[in-house]
Amino acid sequence: MHKKKEITAVKNNRPVDNGLATFRMPIAAIASITHRITGVALLVAVGFLMWALSTSLESQAGFDQVQNVLTHWFAKFIAWGIASFIVYHFIAGIKHLLMDAGYFETKETGPLAAKGVFALSAVGILLVGVWIW
Amino acid sequence: MVRSITSMSRSGLMDWLVQRVSAVVLASYALFMFGYLLFNADLTYEQWSGLFSGLVFKIYTLAMLLALAGHIWVGMWTIATDYLKPTGIRFVFLSVIALANFSYFVIGVTAVWGV
């Protein structure tokens, strides 16, 4: 309660402002919203993936075209971004399934699992980056 | 009883299951693709089209595309109903999603159909 009312003498049963905007999001909430954000990002990314899939399977020329595009640094950056979203969404999704099964739902284990998701994703995203370049 | 008509199966429980079953299909496909591309660094067109010409992998890919369409719809529906409160805006948003989703599905099916 960061805003103690100075006017308590007037009325002591007035609603108390707990300062909702000042609450920090718990790490599990950050993991959850990131899962959603990567999901929306992947919706756009799937457009690129579908282009790559259909062009590369179309003909030898199409296959070469996709390979050529992927030699450009910016295309590699996009590919890395897409792969990163997949890595995070994948790992956070597994946490989701584990939580469905009743694990990582307590005040102690919940934040722990969220930290695990961030740590594993960071490693995965780094490795994918090394692989692409 | 008020029921949502835009949720995929018009049942929250069914949507919940669709999201999880499709997730497992997508996860396994993603894992396979990461592995395949990792171990075939100098991939040729013959190899690549050969992979998709097999019936089993074709079925797997079509299952993945179906799972993707379901997963996208349930996920986007959940997000739209959580964050977009005005009905008109949500309707337009979900219409765009549906169009993109269906287009992805058609592009994906067309890509593997003739291979």
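Everything below is about the structure printed above this text.
Notes on the structure in this doc start here. (Residues numbered from 1 in each chain as written. Chains lettered and ligands numbered in written order. Predicted model: local features only at pLDDT ≥ 70, side-chain atom pairs only at ≥ 80, totals over all residues. Heavy atoms only, no water.)

Summing up its helical and strand segments, chain B has 4 helices and 0 strands in all. Sequence-ordered secondary structure for chain B, helices as α and strands as β, is α-α-α-α. Principal axes of the C-alpha set define a box for chain B whose edges measure 55 × 25 × 25 Å. By the burial criterion, 37% of the 115 residues in chain B qualify as buried. Sequence-distant contacts in chain B: of pairs separated by 6 or more residues, those separated by 24 or more amount to 64%. Approximately 6800 Å² of chain B is accessible, and the part contributed by carbon and sulfur atoms is 77%. Charge separation in chain B, taken as the distance between the mean sites of 6 positive and 4 negative side-chain charges, equals 21 Å. (Helix = DSSP H or I, 4+ residues; strand = E, 2+ residues; numbered from the N terminus. Buried < 20%, exposed > 50% of the residue type's maximum accessible area, 1.4 Å probe, protein only. Contact = heavy atoms within 4.5 Å. Areas by Shrake-Rupley, 256 points an atom, 1.4 Å probe, with all protein chains shown as cover. Lys, Arg positive; Asp, Glu negative; His and termini not counted. Charge placed at Lys NZ, Arg CZ, Asp CG, Glu CD.)

Turning our attention to the packing of aromatic side chains. Residues and elements named next belong to chain B. Applying the stated criterion to the full structure yields 16 aromatic pairs over all chains. Where Y29 meets Y60, the ring centres are 4.9 Å apart and the plane angle is 65°; that geometry is what we call edge-to-face. One end of the pair, Y29, is in helix α1 (residues 12–39); the other, Y60, is in helix α3 (residues 55–83), and 31 residues separate them in sequence. Residue Y60 is classed as partly exposed on the basis of its relative accessible area of 24%. Aromatic rings pair up to connect Y29, F32, Y36, W48, F52, F57 and Y60 into one cluster. (Phe/Tyr/Trp six-rings, centres within 6.5 Å; stacked < 30°, edge-to-face > 60°.)

On to the layout of surface pockets. Looking at the second largest pocket, its volume works out to about 300 Å³. In this structure, the second largest pocket is lined by 14 residues; those nearest its centre are V87(A), G124(A), V128(A), L31(B) and F34(B). Broken down by secondary-structure element, the contributors of at least two residues to the lining of the second largest pocket are α3 (73–100) and α4 (109–132) of chain A together with α1 of chain B. Considered class by class, the residues forming the lining of the second largest pocket number 12 nonpolar, 2 polar and no charged. (1 Å grid on protein atoms, 1.4 Å probe; cavity = no way out; pocket = protein on both sides within 12 Å on 5 of 7 lines; lining within 4 Å. Points joined across faces, edges and corners; volume = space filled by probe spheres on them. Nonpolar A, V, L, I, M, F, W, Y, C, P; charged D, E, K, R; others polar.)

Once that is clear, we can look at α4(A). With 24 residues, α4(A) should reach 34 Å at 1.5 Å per residue; the first-to-last C-alpha distance of 34 Å fits that figure. Of all the positions in α4(A), only G110(A), A113(A), A114(A), V117(A), S121(A), G124(A), V128(A), G129(A) and I132(A) are classed as buried. Turning to α4(A), the residues buried within the fold contact α1 (27–58) and α3 of chain A together with α1 of chain B. (Expected span 1.5 Å × (residues − 1).)

On to α1(A), then. Compared with the 46 Å implied by 1.5 Å per residue over 32 residues, the 45 Å span of α1(A) between its first and last C-alpha is a close match. The largest bend in α1(A) amounts to roughly 30° and is located at V44(A). (Bend = angle between axes of the 7 residues up to and from the residue.)

Attention shifts here to the packing of α3(A) against α1(B). At their nearest, the axes of α3(A) and α1(B) sit 11 Å apart, and the two run at 135° to each other. By the angle between their axes, α3(A) is oblique relative to α1(B). Classified by chirality, the crossing of α1(B) by α3(A) is left-handed. Side by side, α3(A) and α1(B) meet where A83(A), I86(A), F90(A), H96(A), L97(A) and D100(A) of the first sit next to W16(B), R20(B), V24(B), A27(B), A30(B), L31(B) and F34(B) of the second. (Axes fitted to C-alpha atoms, helices over the stretch in contact; angles between N-to-C directions. Parallel < 35°, antiparallel > 145°, perpendicular 65-115°, else oblique. Left-handed = near helix turned anticlockwise from the far one by under 90°.)

A separate point is the side chain of T55(A). Tracing the backbone shows T55(A) in helix α1. Apart from residues lying up to four places away in sequence, T55(A) is in contact with G62(A), F63(A), Q65(A) and V66(A).

One frequent convention defines the size of an interface as the accessible area lost when the parts assemble. Taken together, the contact pairs 32 residues of chain B with 27 residues of chain A. When the two sides are added together, the surface that chain B and chain A hide from each other amounts to roughly 2400 Å², 76% of it contributed by carbon and sulfur. The three residues of chain B that bury the most area against chain A are F34(B), Y45(B) and Y104(B), which together make up 27% of that side's buried surface. Counting across the chain B and chain A interface gives 2 salt bridges. Linking chain B with chain A are 7 residue pairs in polar contact (both at pLDDT 80 or more). Elements with a contribution of two residues or more to the side of chain B that touches chain A: α1, α2 (45–53), α3 and α4 (87–113) of chain B. Looking at the side of chain B that touches chain A residue by residue, the class counts come to 24 nonpolar, 5 polar and 3 charged. (Buried area = accessible area lost by both parts, 1.4 Å probe. Salt bridge = Lys/Arg side-chain N within 4 Å of Asp/Glu carboxyl O. Polar contact = N/O pair within 3.5 Å; in protein donor to acceptor, adjacent residues only side chain to side chain.)

Before going further, it helps to examine a nonpolar patch on the surface. There is a patch of nonpolar side chains on the surface, built from L13(B), M14(B), W16(B), L17(B) and V21(B) and spanning about 500 Å² of accessible area. Here M14(B) is to be found in helix α1. (Patch = residues over 30% accessible without salt bridge, like charges linked within 9 Å, V, L, I, M, F, W, Y side chains within 5 Å.)

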